[in-house]
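If you want the building blocks of each chain, they are given just below.
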Amino acid sequence: ITRTATCYIDHCLRKAAFMFFQIFAYALRPCLMKPELVPYGKWLAINWAVQLTFDGLMVAWLGPKALLYMLLSTFMAGSLHPCAGHFLAEHYVTNGETETYSYYGPLNVFCYNVGYHNEHHDFPNVPWSGLAKVREIAPEFYDHLPQCESWPGMIIKYIFDDTISPYSRVKRQRLSKKEE
């Protein structure tokens, strides 16, 4: 095996590992990227207390396997699960032009139409059940945009395409007060 092939295999394995654990990056990103925006205070403490109480009650009532089941379900749903491709389609630049893609395939049925991502950004107050209607009413705004054809295909593309990495995200420069 040549050095180039070894590097490619290593790169693919690292990206597969990143996809496997990316639910943690997705969850912790706000705290790591903009810690000043995390609302520390009474409500965060209440949230933690409620969550830990619920988890404790589940363990007391159903045993530790119940907590393990909930943790593994969350972990698997956000890693290499076919529907987890929506994380990539929504937030990664994969064709060099567009930063978010809508997906109109059958997996939307299981994910509350989360694939209608451009529509959601245009009309964030429209409930999930109405996002398909937005596209139906205004196809001239959505039909010409690049689309994600397959969430599982997006995961495979991410892992094996050398041009896509965890850094394939749009990072905007903050405007100074003077530029605003």
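Higher on the page you've got the structure.
The structure presented is a predicted model; accordingly, all values stated were derived computationally and were not measured.

Overview of the overall build of the protein chain
Looking only at helices and strands, the protein chain has eight helices and zero strands in total. Walking the protein chain from its N terminus toward its C terminus, one meets helices and strands in the order α-α-α-α-α-α-α-α. Along the longest, intermediate and shortest principal axes, the C-alpha atoms of the protein chain span 55 × 50 × 45 Å. Expressed as a percentage of the 180 residues in the protein chain, the buried residues total 29%. When contacts within the protein chain are restricted to residue pairs at least 6 apart in sequence, those whose partners lie at least 24 apart make up 61%. Per element, the accessible surface of the protein chain, about 12800 Å² overall, is 66% carbon and sulfur. Positive and negative side-chain charges of the protein chain, numbering 16 and 16 respectively, have mean locations separated by a distance of 9 Å.

Some remarks on a nonpolar patch on the surface
Judged by side-chain polarity, Tyr8, Ile9, Leu13, Ile156 and Phe160 come together as a nonpolar surface patch covering roughly 490 Å² of accessible area. Broken down by element, the residue count for the nonpolar patch peaks at three residues, all from helix H1 (residues 3-33). By the secondary structure assignment, Phe160 is in helix H8 (residues 151-160).

Considering H8
Every buried residue belonging to H8 is among Trp151, Met154, Ile155, Tyr158 and Ile159, and all of these are buried. Down the axis of H8, the smallest arc covering the buried residues is 130°, so these residues share one side.

What to know about the environment of Phe20
Along the polypeptide, Phe20 turns up in helix H1. The sequence separation of Phe20 and Gly105 amounts to 85 residues, and the corresponding C-alpha distance is 23 Å. Each residue touching Phe20, except ones within four places of it in the same chain, is listed here: Phe75, Met76, Ser79 and Leu80.

Concerning the side chain of Ser165
Mapped onto the elements of the fold, Ser165 is located in the segment after H8. Of the residues examined, Ser165 reaches a relative accessible area of 18% and is grouped as buried. Setting aside chain neighbours within four positions, we find Ser165 in contact with Tyr92 and Tyr158.

Some details on the pattern of salt bridges
Evaluation of the coordinates by the stated rule reveals three salt bridges. Residue Glu136 is joined to Lys133 by a salt bridge in which the shortest nitrogen-to-oxygen separation is 3.4 Å. With Glu136 and Lys133 both in helix H6 (residues 131-137) and three residues apart, the pair spans about one turn of that helix. Residue class for Lys133 comes out partly exposed when judged on its relative accessible area of 46%. The residue Arg135 makes a salt bridge to Asp143 at a minimum N-O spacing of 3.1 Å. Using a relative accessible area of 43% as the deciding quantity, one classes Asp143 as partly exposed.

What counts, and where the lines are drawn
Note on numbering: residues in each chain are counted from 1, in written sequence order. Selection of residues for local features in this predicted model requires a pLDDT of at least 70, selection of side-chain atom pairs for listing and counting requires 80 or more, and totals for whole chains, interfaces and linings are taken over all residues. The basis for every side-chain value is the complete set of non-hydrogen atoms in the structure, without hydrogens or water. For helices the rule is a DSSP run of H or I covering at least 4 residues; for strands it is a run of E covering at least 2, with both sets numbered from the N terminus onward. Each residue's exposure class comes from its accessible area (1.4 Å probe, protein chains only) as a fraction of the maximum for that residue type: buried when under 20%, exposed when over 50%, partly exposed otherwise. Throughout, a contact is declared for two residues whenever any of their heavy atoms are within 4.5 Å. Accessible surface is estimated by sampling points in the Shrake-Rupley manner with a 1.4 Å probe; for residues, cover comes only from the protein chains shown. We count Lys and Arg on the positive side and Asp and Glu on the negative side, and we leave His and both chain ends out. Charged groups are reduced to one reference atom each: NZ for lysine, CZ for arginine, CG for aspartic acid, CD for glutamic acid. Patch definition: residues above 30% relative accessible area lacking any salt bridge, with like charges linked at up to 9 Å and the nonpolar side chains Val, Leu, Ile, Met, Phe, Trp and Tyr linked at up to 5 Å. The salt bridge criterion pairs a side-chain nitrogen of Lys or Arg with a carboxyl oxygen of Asp or Glu, the two atoms within 4 Å. Read the arc as the range of directions from the helix axis to the C-beta atoms.

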